[in-house]
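A closer look at the structure
Spelled out, the chains give:
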Amino acid sequence: MTSLHDKVVFITGGARGIGAEIARRLRNKGARLVLTDLDRAELDALAAELGEDRVLTAVADVRDLPAMQTAAAKAVERFGGIDVVVANAGIASYGSVLNVDPEAFKRVLDVNLVGVFHTARATLPSVIDRRGYVLIVSSLAAYAAAPGLAPYNASKAGNEIFANALRLEVGDRGVGVGSAHMSWIDTALVRDSKADLPAFGEMIARLPWPLSKTTTVDKCADALVRGIEGRRRRVYCPEWVGLLRWLKPVLSTPVGEFPIRRIAAELLPRMDAEAAALGRSMSAFNVESLRETGGIPPN
């Protein structure tokens, strides 16, 4: 188990949700933190809570490589280097492939997948120097697809294979690389989706057990911190998600898809109709955050 005392941990999407809870736990273990996000107010509030002498914040969009390189350079200047990276920033869109806004589809891939590349590219020189560790937040979605979430599914599957490739590239240089795979976590992403699209919440409730269960952010953050301490190749939350990695070939067969296809046939048209009524293809929070950074044109 690696001690995190005085280690420098760089977290994207660090102002709220899973990123913020990881930050709180790592601060309690004596880590120094570099938190990036789009929301300056939330970053400032968290830094004040955790102690600004141990925290560096940066408003940076993971879609912007120069911005991520600047944040990484500031981390090295302030703390001397970067030991651990948690590529956590992520969003989701609403709607089927036939109906989702094409620009929303692109934005999900830009944040969730291209953003991971930008994060790794910006921080790797220092992580290699320190023989550190990179944790890429993927999902259960890398193993089992969900209707209405095609861009999210694609990005998280890409995260897993990106982590595997990166591990092969830097493993002989002393750098550990892991991917984290979670089922439904009680984050704003899931709560907003349920509030915006009642059919989405019904879909989750009707999935076979235990796929229908939602896990707390606290339990998820605990699992990810243990993964960081253990420099694990894969982190699962809940632990049963690991079983689905081995069942992945079966889940894409007619037998494996049968329970989900029955649900999708009934609920996907409703989800599309609810998204159309909203007039947007992602949560209001993400629309506003991306608009502020120039990612979404004004209505």
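Check the entry above for the structure.
Bear in mind the structure is a predicted one, so any value in this text is a computation, not a measurement. (Residues numbered from 1 in each chain as written. Predicted model: local features only at pLDDT ≥ 70, side-chain atom pairs only at ≥ 80, totals over all residues. Heavy atoms only, no water.)

Next up on the list: the packing of helix 1 (residues 17–28) against helix 2 (residues 40–50). With their axes 11 Å apart at the nearest point, helix 1 and helix 2 run at an angle of 20° to one another. Relative to helix 2, the element helix 1 is oriented roughly parallel. In this structure, helix 1 meets helix 2 at a crossing whose hand is right-handed. Here helix 1 contributes Ala20, Ala23, Arg24 and Arg27 to the contact with helix 2, which in turn contributes Leu46, Glu49 and Leu50. Grouping the amino acids of the contact of helix 1 with helix 2 by side-chain chemistry returns four nonpolar, no polar and three charged. (Axes fitted to C-alpha atoms, helices over the stretch in contact; angles between N-to-C directions. Helix = DSSP H or I, 4+ residues; strand = E, 2+ residues; numbered from the N terminus. Parallel < 35°, antiparallel > 145°, perpendicular 65-115°, else oblique. Left-handed = near helix turned anticlockwise from the far one by under 90°. Contact = heavy atoms within 4.5 Å. Nonpolar A, V, L, I, M, F, W, Y, C, P; charged D, E, K, R; others polar.)

As enumerated under the stated definition, the model contains 19 salt bridges in all. When the shortest N-O distance is used, the salt bridge between glutamate 21 and arginine 25 registers 2.8 Å. Of this pair, glutamate 21 and arginine 25 both sit in helix 1, four residues apart, which is roughly one turn of that helix. Judged by its relative accessible area of 17%, arginine 25 is buried. Glutamate 229 is the salt-bridge partner of lysine 29, the closest N and O atoms lying 2.9 Å from each other. One end of the pair, lysine 29, is in the loop between helix 1 and strand 2 (32–37); the other, glutamate 229, is in helix 8 (residues 217–230), and 200 residues separate them in sequence. The class of lysine 29 is partly exposed, set by a relative accessible area of 36%. Judged by its relative accessible area of 12%, glutamate 229 is buried. What you see here is one network of salt bridges that share partners, running through Glu21, Arg24, Arg25, Glu49, Asp218 and Asp222. (Salt bridge = Lys/Arg side-chain N within 4 Å of Asp/Glu carboxyl O. Buried < 20%, exposed > 50% of the residue type's maximum accessible area, 1.4 Å probe, protein only.)

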